[in-house]
Amino acid sequence: MKKIRKAVFPVAGLGTRFLPATKAIPKEMLTVVDRPVIQYVVDEAREAGIEHFIFVTGRNKAVIEDHFDLHFELYDTLERRGKTTQLERLKGMQPDAGQTSFTRQQEPLGLGHAVWCARDLVGDEPFALLLPDMIMETEKSCLKEMVALYGETGNNIVAVQECDPAEAHKYGIVGKGADVHSGFEITGMVEKPAAGTAPSNLFLNGRYILQPEIFAILENQERGAGNEIQLTDAMLKLERLQRFYGYHYKGRTFDCGSPEGFIEANIAFALWNPEMRDRIGALIDELFSEMHPAERQKVAG
Ligand code: G1P
């Protein structure tokens, strides 16, 4: 069985749900507490044993490449000023020379098309795919657990979580079959099902392990939901040739592509940070029990 060495990060998305914040700044570079969103996702991949990080970018995304570059002048200045904590932290996040690749999705044709753009960089080996909007609890690495399941089952693995059935139309939804090791057999997949037609409430949460045969399918994949080339539709075709297993992730996931999910992520990661927990927790309690300033004004007349 081939080891999962490479991970693809489709970071070409326009971030329209988050305008105007994302007009000039890629949504992946927005900060959750003290790191850009993309750093959480790359750290998750590294923790799962990934050795090569492939970014499918687009126009206005060059700053992502800069973020993962070795910033010699900055490191040198930090060293001379004795700022060793900051320096060590930066070095710990730094990919080694040759560990990153960047390619561009020239047109926003959908997630399936973005993944297909990485075909030559991935080559003929299974790979991980991490959607950068979704960040997960650091203590419970979703991809690491999927890699462990892959070690037992091989084939293709998709991570899923439960959603409110009323929200199922926003996601890819899977059908659940028999349990296998720490996962289960996938019996079907549908991208953004119409209300009342979802096969379950288990949604694809943005982490995948895929076999390279997906690329040949994506090459000819017709447009699906939202008139985009959908990865889920291509996976459904691959499922006729190879097995797919579901991994039910039990940690928390935050959709940082939406303002609400992004704020939830900031609150959660601030409260999980021992240095911030007390202060931020106290502020939240205080604000929650206070009257909103607009309400106060109304009462004052
Ligand atoms: C994509 C996938 C979908 C998945 C979702 C998770 O949809 O196509 O299957 O459930 O990400 O965020 P998008 O968010 O691009 O509409």
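Everything in this summary refers to the structure shown in the same document. Here the residue index of a chain counts from 1 through its sequence in written order. The predicted nature of this model means local features are confined to residues of pLDDT at least 70 and side-chain atom pairs, given and counted, to a pLDDT of 80 or more, with totals for whole chains, interfaces and linings taken over all residues. Think of the side-chain values as coming from all heavy atoms in the structure, minus any hydrogens and water.

**Here's the deal with the packing of helix 3 (residues 72-80) against helix 4 (residues 84-93)**
Right, on to step 1. Taken N-terminus to C-terminus, the directions of helix 3 and helix 4 make an angle of 150 degrees; their axes are 8 Å apart at the nearest point. As far as their axial angle goes, helix 4 and helix 3 are roughly antiparallel. Viewed along their axes, helix 3 and helix 4 form a crossing whose handedness is left-handed. Contacts between helix 3 and helix 4 pair Leu74, Tyr75, Leu78 and Glu79 from the former with Gln86, Leu87, Leu90 and Lys91 from the latter.
Right, on to step 2. Here the residues of the contact of helix 3 with helix 4 are counted per class, giving 5 nonpolar, 1 polar and 2 charged. Lines fitted to C-alpha atoms define the axes, with helix axes restricted to the stretch in contact, and inter-axis angles between N-to-C directions lie between 0 and 180 degrees. Secondary structure follows DSSP: runs of H or I at least 4 residues long count as helices, runs of E at least 2 residues long count as strands, and numbering of each begins at the N terminus. Here the angle decides the label: under 35 degrees means roughly parallel, over 145 means roughly antiparallel, 65 to 115 means roughly perpendicular, and every other value means oblique. The handedness criterion is simple: a crossing whose near helix is rotated anticlockwise from the far helix by less than a right angle is left-handed, and one whose near helix is rotated clockwise is right-handed. Contacts are assigned to residue pairs that have any heavy atoms within 4.5 Å of one another. In the scheme used here, Gly and all other residues not listed as nonpolar or charged are polar, with Ala, Val, Leu, Ile, Met, Phe, Trp, Tyr, Cys and Pro taken as nonpolar and Asp, Glu, Lys and Arg as charged.

**Description of the site of the ligand**
Right, on to step 1. Near, as used in this document, describes a residue that has one of its heavy atoms within 4 Å of the molecule or strand being considered. As a matter of local geometry, the ligand sits amid Leu111, Leu131, Met134, Tyr171, Gly172, Glu191, Lys192, Leu204, Gln230 and Thr232.
Right, on to step 2. In the model, an oxygen atom of the ligand is placed 3.0 Å from a nitrogen or oxygen of the Gly172 main chain.
Right, on to step 3. Taking Lys192, its side chain carries an N or O atom lying 2.7 Å from an oxygen atom of the ligand.
Right, on to step 4. Across the complex, the protein chains shield 77% of the 380 Å² of accessible surface that the ligand would expose by itself.
Right, on to step 5. Residues that form the shell around the ligand fall into these classes: 5 nonpolar, 3 polar and 2 charged. Under the rule applied, a polar contact is a pair of N or O atoms within 3.5 Å (in protein, one hydrogen donor and one hydrogen acceptor; residues adjacent in sequence only if both atoms are side-chain atoms). Note on areas: these come from Shrake-Rupley sampling with a 1.4 Å probe, and a residue is covered only by the protein chains present in the view.

**Here's the deal with the pattern of salt bridges**
Right, on to step 1. Whenever a carboxyl oxygen of Asp or Glu lies within 4 Å of a side-chain nitrogen of Lys or Arg, that contact is scored as a salt bridge. Inspection of the entire model under this criterion finds 20 salt bridges.
Right, on to step 2. The residue Lys27 makes a salt bridge to Asp133 at a minimum N-O spacing of 3.1 Å. Linking Lys27 in the loop between strand 1 (6-10) and strand 2 (31-32) with Asp133 in the loop between strand 6 (127-130) and strand 7 (134-136), this pair joins segments that are 106 residues apart in sequence. Side by side, Lys27 and Asp133 carry an identical accessibility label, which is buried.
Right, on to step 3. The residue Lys192 makes a salt bridge to Glu191 at a minimum N-O spacing of 2.6 Å.
Right, on to step 4. A 1.4 Å probe rolled over the protein chains alone gives each residue an accessible area, and that area as a share of the maximum for its type sets the label: buried under 20%, exposed over 50%, partly exposed in between. Residue Glu191 is classed as buried on the basis of its relative accessible area of 13%.
Right, on to step 5. The structure contains a network of salt bridges with shared partners spanning Lys3, Arg5, Lys6, Glu51 and Glu125.

**A look at the state of the cysteines**
Right, on to step 1. For the purposes of this analysis, a disulfide is any pair of cysteine sulfur atoms at a distance within 2.5 Å. Under the definition given, this model contains 0 disulfides.
Right, on to step 2. Free of any disulfide, Cys142 has its nearest neighbouring cysteine sulfur in Cys256, separated by 15 Å.
Right, on to step 3. The exposure class assigned to Cys142 is buried, which follows from its relative accessible area of 0%.
Right, on to step 4. The thiol of Cys163 is unpaired, and the distance to the nearest cysteine sulfur, on Cys142, comes to 15 Å.

**Some points on the nonpolar core**
Right, on to step 1. In this text, buried Ala, Val, Leu, Ile, Met, Phe, Trp, Tyr and Cys residues form a nonpolar core when linked through side-chain atoms within 4.5 Å. Grouped together as the largest cluster of nonpolar side chains are 48 residues, with contacts concentrated most on Phe9, Val32, Phe55, Ile135 and Leu143.
Right, on to step 2. Considering each element in turn, this core owes the most residues, 6 residues, to helix 1 (residues 37-47).
Right, on to step 3. The contact partners of Phe55, leaving out residues within four places of it in the chain, are Phe9, Val11, Ile38, Val42, Ile64, Phe68, Thr100, Ser101, Phe102 and Thr103.

**What about the environment of Lys250?**
Right, on to step 1. In this structure, Lys250 sits in the loop between strand 12 (244-248) and strand 13 (253-255).
Right, on to step 2. With a relative accessible area of 64%, Lys250 lands in the exposed category.
Right, on to step 3. Sequence separation between Lys250 and Lys140 is 110 residues, and the spatial gap between their C-alpha atoms is 8.4 Å.

**What to know about helix 9 (residues 231-238)**
Right, on to step 1. Among the residues of helix 9, Leu231, Thr232, Ala234, Met235 and Leu238 are the ones counted as buried. When helix 9 is viewed along its axis, its buried side chains cluster within an angular range of 160 degrees and face the same direction. This arc is taken over the directions from the axis of the helix to the C-beta atoms.

**A few points about the environment of Arg17**
Right, on to step 1. The residue Arg17 is located in the loop between strand 1 and strand 2 in this model.
Right, on to step 2. A C-alpha to C-alpha distance of 14 Å links Arg17 and Met134, two positions 117 residues apart in sequence.
Right, on to step 3. The residues touching Arg17, leaving out its near neighbours within four places in the chain, are Asp133, Asp255, Gly257, Ser258 and Pro259.

**Some words on the packing of aromatic side chains**
Right, on to step 1. Side-chain rings of Phe, Tyr and Trp, where Trp is taken by its six-membered ring, are said to pair if the distance between their centres is within 6.5 Å; with planes under 30 degrees apart they count as stacked, over 60 as edge-to-face, and otherwise as tilted. Applying the stated criterion across every chain yields a total of 11 aromatic pairs.
Right, on to step 2. The interplanar angle of 20 degrees and the centroid separation of 5.1 Å between the aromatic rings of Phe9 and Phe55 together place this pair among those described as stacked. With Phe9 in strand 1 and Phe55 in strand 4 (residues 52-57), the pair connects residues that are 46 residues apart, well separated along the chain.
Right, on to step 3. Ring centres 5.1 Å apart and planes at 80 degrees place the aromatic pair Phe269 and Trp272 in the edge-to-face group.
Right, on to step 4. Here the aromatic cluster, defined as three or more aromatic residues joined through ring pairs, consists of Phe9, Phe53, Phe55, Phe68 and Phe102.
Right, on to step 5. Definition used: whenever NZ (Lys) or CZ (Arg) falls within 6 Å of the ring centre and also within 35 degrees of the ring normal, the charge is taken to sit over that ring. Over the ring of Tyr40 we find Arg35; its NZ or CZ atom is 3.9 Å from the centre of that ring.

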